Number of protein chains: 2
Amino acid sequence: MLPEKMLAWGYTRNCIREVMEYGTIRKAEIGAENVYDYSIGNPSVPAPAGINETIAELIRDEDSISLHGYTTAAGLPSLRNAIAKDLNDRYDFGLDGEKLYVTCGAASSIAISLRAVLFPGDEVLVMAPFFPEYRVFTEASRGEIRIIPPREDFQIDMELLSAALSERTKAVIINSPNNPSGMVYSEETLRELAEILRRHEEKIGETIYLISDEPYRELVYDMDKTPNAMNYYDDSIICYSFSKAMSIPGERIGYVAVSPRMKDCEAVCAAVKGAGRALGYINPPSLFQRVIERCVGQISDISKYRANRDLLTSGLREIGYECVDPKGAFYLFAKALEPDAKAFCEHAKRYELLLVPSNDFGMTGWFRMAYCVDNDMIRRSMPAFRKLMDDYRK
Amino acid sequence: MLPEKMLAWGYTRNCIREVMEYGTIRKAEIGAENVYDYSIGNPSVPAPAGINETIAELIRDEDSISLHGYTTAAGLPSLRNAIAKDLNDRYDFGLDGEKLYVTCGAASSIAISLRAVLFPGDEVLVMAPFFPEYRVFTEASRGEIRIIPPREDFQIDMELLSAALSERTKAVIINSPNNPSGMVYSEETLRELAEILRRHEEKIGETIYLISDEPYRELVYDMDKTPNAMNYYDDSIICYSFSKAMSIPGERIGYVAVSPRMKDCEAVCAAVKGAGRALGYINPPSLFQRVIERCVGQISDISKYRANRDLLTSGLREIGYECVDPKGAFYLFAKALEPDAKAFCEHAKRYELLLVPSNDFGMTGWFRMAYCVDNDMIRRSMPAFRKLMDDYRK
């Protein structure tokens, strides 16, 4: 007798990993150059040179015992101060190191934040399309997700959001730039969202935590920076990862940042620490804490992603695909050519196109392409996309 | 309104961290050389030279995108195979990589294992004295711990163990070499333990998981290797960390190994994966996965710990302290000179001796000393221990 959910989460994988693993097998069968793999969001540009240079310096200059030793659970104070300074310089949050808890990446940041604030039965609102693991992290903390479909332009549908708020609403998760849609929330969206949440907080007399999942924050192509939730709503918690902007997703380092203007800021910071302890985290990896402290603010060369975005979007539109206008992250979200996205993505495999159906992202009828790939693969895949379209036009 | 337990675990720290943090302040006040800090089990010998050499090779030779990229959740197959081979060579477990799930250290291994098998209300038996976080990890998975006091020689008291087993017993945690007592379980202890658990499994018709927490497995001074639970009991799960034997506690890498002879081995492996996902783990740190793959089997030079053990034990016994005979790990467990261990450790601060009271380890009347310290500090601390004894002899 084992807990059903643990078995289910262990035996299944999310839709993205499923397609990726099919790809691994298929590439072995027919050669990697013949498979157009748009499945996974693994950064395809190297980390900034500073990362490996800093590692080399640290192992050369620092004492092994301290370099590889335990740190405080929240991460080195000097690291937290460096992150706070970088955020304040760019966003004027007024943060200090005490409001930061450094984690093993955004996934652990979200799992920890939810565990810190949720009571059994609490509801967490998520905006479709959304990263499938939000459901796992919420249910693991005995909460329930409620899915809010987006407006046609993929901004938040405020009417649907308002209708979904209840006495049981404890948190709202947003993700901008968005995986899988590439959408970036406008200032207007964040302002309206904040206003609605504030009104609902007053109505129910309870805090509603806005959890802003921001691993793609720096990956934007048509603007200097994205508007940030913490500048609009005081009860905000940022969950960040250095994975995408620094191309180090395997190293597992990110943070939770609690707004200094939150009513119960100090208690939330304590609960985050407690939740980290409960989930078995001791401290974030110590070598990479020092690396981030010295490299914070460096980002990978993202011009390749911009070129990919432009090539893929214009190519697909020319063929006749309908795509969400991608503003950030490295995903393109497009309409499937039949209502059943799973059947569509299955069909696309005939042309060796590996696409992720939108179902697990909380929407039907769409598919996701991760364009952190070789530019040349995009070019070579266009005839396949054309044949796929032809099948549906017959 | 925030969950009470998360607040409690966030606001309090365990007794070890409390003493350690007092030490940090005290050292700033009177100089580090004047404080005899026996509080924390931070390895005091450097990592094997191979660790930093391997890091240097990897960043020089490997492609950044793959080196710092995502891996499968359970860790690279090549790493898991290397670990399985090393274990099989030494212990003949018959493991393969599929039975291993690489984690962010022993704490996450235990948190994940308990989450994988516990239902709400299940009981977990722990052998006093025990690592205080067992309570946190058990309660975080909605289980309850039951504490079994040890025999006088700190082996398991089989009568008390038998009496504590119930219909609700789901797991037993053992830790040999032990933190805080330094005790190593004998073959006879493990054989008897296995026999009792097997009989109880038959009686209640349910699996009882023996979780063997083994971060100190290689730190033994009077024998080649410790007897291992997995050789005696088929329903064993090993939780390991490379922290102590490789002196890399901050890097957070370890594993869960499920016995290949476990009845429901495959399901438990799946539940472990599901629990890792639930707790927000994506994959263990990728650079260190490669480091461990190449360095598995290397251990730090532990002769310094042996010398420390001998010096501290003989010195204290000469003064008149009663100590558990320390066989492994780097802790000495000794009897407090008054029944209230907290009052005793508080009193010891007058002589700048930082000792950890046994209360949080599930026993009263003892104290722990971590002897992973400078040999010279041990020497210099002896007059302080003598003065402390004098106070109680007056």
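A brief report on the enclosed structure follows. Just so you know, these numbers come straight off a predicted model, no measurement behind them. (Residues numbered from 1 in each chain as written. Chains lettered and ligands numbered in written order. Predicted model: local features only at pLDDT ≥ 70, side-chain atom pairs only at ≥ 80, totals over all residues. Heavy atoms only, no water.)

Here's the deal with helix α12 (residues 303-319) of chain B
Residue and element names in this part refer to chain B.
Consideration 1: Its 17 residues place the ends of α12 25 Å apart at the C-alpha level, agreeing with the 24 Å of an ideal helix rising 1.5 Å per residue.
Consideration 2: The complete set of buried residues in α12 reads Tyr 305, Asn 308, Arg 309, Leu 312, Thr 313, Gly 315, Leu 316 and Ile 319.
Consideration 3: Looking at the buried side of α12, the elements it contacts are β9 (331-335), β12 (366-370) and α14 (375-393).
Consideration 4: One or two positions beyond α12, positive phi appears at Gly 320, with a value near 120 degrees. (Helix = DSSP H or I, 4+ residues; strand = E, 2+ residues; numbered from the N terminus. Expected span 1.5 Å × (residues − 1). Buried < 20%, exposed > 50% of the residue type's maximum accessible area, 1.4 Å probe, protein only. Contact = heavy atoms within 4.5 Å.)

Focus: the side chain of A:Lys170
Consideration 1: With respect to the helices and strands, the residue A:Lys170 is situated in strand β5 (residues 169-174).
Consideration 2: From its side chain, A:Lys170 meets the backbone oxygen of A:Val117 in a polar contact 3.0 Å long.
Consideration 3: Other than its neighbours up to four places away in sequence, A:Lys170 contacts A:Val117, A:Leu118, A:Phe119, A:Asp122, A:Glu123, A:Thr207, A:Ile208, A:Tyr209 and B:Met1. (Polar contact = N/O pair within 3.5 Å; in protein donor to acceptor, adjacent residues only side chain to side chain.)

A look at the packing of α12(B) against α14(B)
Residues and elements named next belong to chain B.
Consideration 1: Following both chains from N to C, one finds α12 and α14 inclined at 20 degrees, their axes separated by 10 Å at the closest point. It follows that α12 is roughly parallel to α14 by the angle criterion. Judged by the sense of rotation from one axis to the other, the crossing of α12 with α14 is right-handed. Contacts from Ala 307, Asn 308, Leu 311, Leu 312, Gly 315, Leu 316, Glu 318 and Ile 319 in α12 reach Asn 375, Ile 378, Arg 379, Met 382, Phe 385, Arg 386, Met 389 and Arg 393 in α14.
Consideration 2: Across the contact of α12 with α14, the residue classes break down as nine nonpolar, three polar and four charged. (Axes fitted to C-alpha atoms, helices over the stretch in contact; angles between N-to-C directions. Parallel < 35°, antiparallel > 145°, perpendicular 65-115°, else oblique. Left-handed = near helix turned anticlockwise from the far one by under 90°. Nonpolar A, V, L, I, M, F, W, Y, C, P; charged D, E, K, R; others polar.)

Notes on the environment of A:Ile299
Residues and elements named next belong to chain A.
Consideration 1: Turning to its location among the elements, Ile 299 is positioned in the loop between α11 (286-295) and α12 (303-319).
Consideration 2: Taking the C-alpha atoms as reference points, Ile 299 and Tyr 233, 66 residues apart in sequence, are found 27 Å from one another.
Consideration 3: Setting aside residues up to four positions removed in sequence, Ile 299 forms contacts with Pro 48, Glu 218 and Ala 245.

Section: the interface of chain B and chain A
Consideration 1: Listed by partner, the interface residues are 77 residues for chain B and 77 residues for chain A.
Consideration 2: For the interface between chain B and chain A, the tally reads two salt bridges.
Consideration 3: The shortest N-O distance in the salt bridge between B:Arg277 and A:Glu133 comes to 2.8 Å.
Consideration 4: At the junction of chain B and chain A, the tally comes to 36 residue pairs in polar contact (both at pLDDT 80 or more).
Consideration 5: Elements that contribute at least two residues to the side of chain B that touches chain A include exactly α1 (4-11), α3 (49-61), α4 (64-67), α6 (106-117), α7 (133-140), α10 (265-278) and α11 (286-295) of chain B.
Consideration 6: No other element matches α10(B), which puts 10 residues into the side of chain B that touches chain A.
Consideration 7: Looking at the side of chain B that touches chain A residue by residue, the classes come out as 44 nonpolar, 19 polar and 14 charged. (Salt bridge = Lys/Arg side-chain N within 4 Å of Asp/Glu carboxyl O.)

Focus on the sheet that holds β9(B)
All names here are of chain B.
Consideration 1: Judged by pairing direction, the sheet is antiparallel, and its three strands sit side by side in the order β9-β12-β11 without closing on themselves. Among the strands making up the open sheet, the edge pair consists of β9 and β11 (356-357).
Consideration 2: Here β9 runs beside β12; their pairing, made up of five bridges, is antiparallel. From the neighbouring strand, Ala 334 faces β12, where its bridge partner is Phe 367. (Pairing = 2+ DSSP bridges.)

Brief notes about the sheet that holds strand β9 (residues 331-335) of chain A
Consideration 1: Spatially, β9-β12-β11 (chain A) is the arrangement adopted by the three strands of the open sheet, whose pairing is antiparallel. Single-partner strands in this sheet number two, and they are β9 and β11 (356-357) of chain A.

Things to note about the relation of the copies chain B and chain A
Consideration 1: At an RMSD of 0.0 Å, chain B and chain A line up after a rotation of 180 degrees and a shift of 0.0 Å along the axis. Those values place the two copies in the arrangement expected of a two-fold rotation axis. In terms of proximity to the rotation axis, the leading residue of chain B is B:Leu279, whose C-alpha is 2.9 Å off the axis.
Consideration 2: Counting the interface residues of chain B, we find that 100% of their copies in chain A are interface residues as well, pointing to one common contact surface. (Least-squares fit on C-alpha atoms with pLDDT ≥ 70 in both.)

Details of unusual backbone geometry
Consideration 1: Residue A:Ser176 is joined to A:Pro177 through a cis peptide bond whose omega torsion reads -5 degrees.
Consideration 2: By secondary structure assignment, the location of A:Pro177 is in the loop between β5 and α9 (187-204).
Consideration 3: In this chain, A:Asn179 is followed by A:Pro180 through a cis amide linkage whose omega measures 20 degrees.
Consideration 4: Non-glycine residue A:Arg252 carries a positive phi angle of around 60 degrees.
Consideration 5: Positive phi, close to 65 degrees, is recorded for B:Arg142, a residue that is not glycine.
Consideration 6: Mapped onto the fold, B:Arg142 is located in the loop between α7 and β4 (144-148).
Consideration 7: A residue is classified by how much of its surface remains accessible, and B:Arg142, at 36% relative accessible area, is partly exposed.

A closer look at the pattern of salt bridges
Residues and elements named next belong to chain B.
Consideration 1: As enumerated under the stated definition, the model contains 70 salt bridges over all chains in all.
Consideration 2: For Asp 235, the salt bridge is made with Lys 263, and the minimal N-O distance between the two is 2.9 Å. Here Asp 235, found in the loop between β6 (209-213) and β7 (236-241), pairs with Lys 263, found in the loop between β8 (254-258) and α10; they are 28 residues apart in sequence, far enough to count as distant.
Consideration 3: Given a relative accessible area of 2%, Asp 235 falls into the buried group.
Consideration 4: With a closest N to O distance of 3.1 Å, Arg 309 and Asp 310 form a salt bridge.
Consideration 5: You can call Arg 309 buried: its relative accessible area is 9%.

Notes on the pairing of strand β12 (residues 366-370) of chain A
All names here are of chain A.
Consideration 1: Burial runs high along β12: five of the five residues are buried.
Consideration 2: Here β12 shows two buried faces, one formed by Trp 366, Arg 368 and Ala 370 and the other by Phe 367 and Met 369.
Consideration 3: Sheet analysis places β11 next to β12, joined by two bridges and oriented antiparallel. By the bridge assignment for β12, Val 356 is matched with Arg 368.

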